[in-house]
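Fold and geometry: a report
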Number of protein chains: 2
Amino acid sequence: MAQAIDFYFDFSSPYGYFASHRIDEIAARHGRSVAWRPFMIGAAFKSTGQVPLLNQPMRGTYALHDWNRLARRWKVPFKMAEPFPFIALAASRGFYWIASTDPDRAKAFAKRVYHAAFGEGRPMDKPEVVVPEAEALGIARDDFLAAVTAPVWKDRLKAETERALERGAYGSPFFFVDDEPFWGNDRLEEIERWLETGGW
Amino acid sequence: MAQAIDFYFDFSSPYGYFASHRIDEIAARHGRSVAWRPFMIGAAFKSTGQVPLLNQPMRGTYALHDWNRLARRWKVPFKMAEPFPFIALAASRGFYWIASTDPDRAKAFAKRVYHAAFGEGRPMDKPEVVVPEAEALGIARDDFLAAVTAPVWKDRLKAETERALERGAYGSPFFFVDDEPFWGNDRLEEIERWLETGGW
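Read on for a plain summary of the structure. (Residues numbered from 1 in each chain as written. Chains lettered and ligands numbered in written order. Predicted model: local features only at pLDDT ≥ 70, side-chain atom pairs only at ≥ 80, totals over all residues. Heavy atoms only, no water.)

Another aspect to go through is the sheet that holds strand 1 (residues 5-9) of chain A. All names here are of chain A. Pairing is mixed across the open sheet formed by 4 strands, whose spatial order is 2-1-3-4. Of all strands in the sheet, those bounded by a partner on one side alone are strand 2 (34-38) and strand 4 (180-183). If you compare each strand with its neighbour and ignore which way they point, the axes differ by 20 degrees on average. Direction of pairing for strand 1 relative to strand 2: parallel, over a ladder of 5 bridges. Paired with Asp 6 across the strands is Ala 35, a residue of strand 2. (Pairing = 2+ DSSP bridges. Helix = DSSP H or I, 4+ residues; strand = E, 2+ residues; numbered from the N terminus. Axes fitted to C-alpha atoms, helices over the stretch in contact; angles between N-to-C directions.)

Dropping the structure here:
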């Protein structure tokens, strides 16, 4: 069976949010699955010297316009998370904990967190605001809260982030199709073409 | 007649080079013309805090991979200009001078400069290396060399760059379709969709 497409994203990334609505369907059209891999984009920013988009003159203005335009084009609800950007440690650690026993439920959890943050504009920065998204999927509150502070899941997120950086993922979303890197929500069409043709 | 699409680019931008091969055809399919507008991206970098891509860890590595991949996909020759990046004052001023009497010849000149820089990897940073591209189009060497240091064309390039920044163009290529901004070579598909549908 063909290798899964790696989908690296930060929960605090609007472009990751938009990509999360399309990547599974694109992959499925070409017989591929997708491995969702939240990581901490801030670690990449330390290497690249980038700062969050909205803090950048001109680029921030365009990004906000672009996100609203993408929302209209793809009929995806959009409302900026507050606070934004946010450090998505709880959601990211919780994701890997859930994924360790049930990858599909982890993906459903990620979709709920993204929807809360950028579909409804709710804070998703702390364990207590993230935990209801786990509970809605039948996960026990105390188990989730314990997992997101447990060393094993802290370490797992660190390892995933380090691996992402080693592979060259410096932004969100960042995709690998058989080790071929693609950066950005606006490369989904190119990824689809790559899958159709086998690359060039 | 529908308004021309504004195509802002820096002659030192590989993504601008790739876009230059496709934007006219895309526009023409929808009954539009394209106004090519070289500008000095360095002025935008002062506002945004960006630095040239190849100087950025991770991002530079990806960009180089991406440019070679784009060249294969779109069957466009690609060889990095040396030096790179370069300050394209002569080519940009010369462009506006030529365009003032013959816009089509200015576009042909721009294509020659881009091809020299990124199709053949030749230096395009100084008047004496740019002037053969003008001569090849029947332009007198001395006229070109005089124009690229004349205050009127220095001022015109400054004004075009200031106007680009006022409109929010912080990267190359940057497009405006009826004042709707699109950043990046990877938005050409979205521009085409916008033209097809009238926007969203």
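Having seen it, we continue.
With that settled, the discussion passes to the packing of aromatic side chains. Residue and element names in this part refer to chain A. Throughout the structure, instances matching the rule amount to 60 aromatic pairs over all chains. Seen from their ring centres, Phe 18 and Phe 78 are 5.5 Å apart, and the 35 degrees between their planes marks the pair as tilted. In this pair, Phe 18 is assigned in helix 1 (residues 14-20) and Phe 78 in the loop between helix 4 (59-74) and helix 5 (89-99), connecting sequence segments 60 residues apart. Each member of the pair, Phe 18 as well as Phe 78, is classed as buried. Considering the side-chain rings of Phe 84 and Phe 118, the 5.8 Å spacing of their centres and the 80 degrees angle between planes classify their relative orientation as edge-to-face. Of the two residues, Phe 84 sits in the loop between helix 4 and helix 5 while Phe 118 sits in helix 6 (residues 103-119), which places them 34 residues apart along the sequence. Under the relative-accessibility criterion, Phe 84 is labelled partly exposed at 23%. A relative accessible area of 0% means that Phe 118 is categorised as buried. Arg 167 extends its terminal NZ or CZ atom over the ring of Phe 176, reaching a point 4.1 Å from the ring centre. (Phe/Tyr/Trp six-rings, centres within 6.5 Å; stacked < 30°, edge-to-face > 60°. Buried < 20%, exposed > 50% of the residue type's maximum accessible area, 1.4 Å probe, protein only. Lys NZ or Arg CZ within 6 Å of the ring centre and 35° of its normal.)

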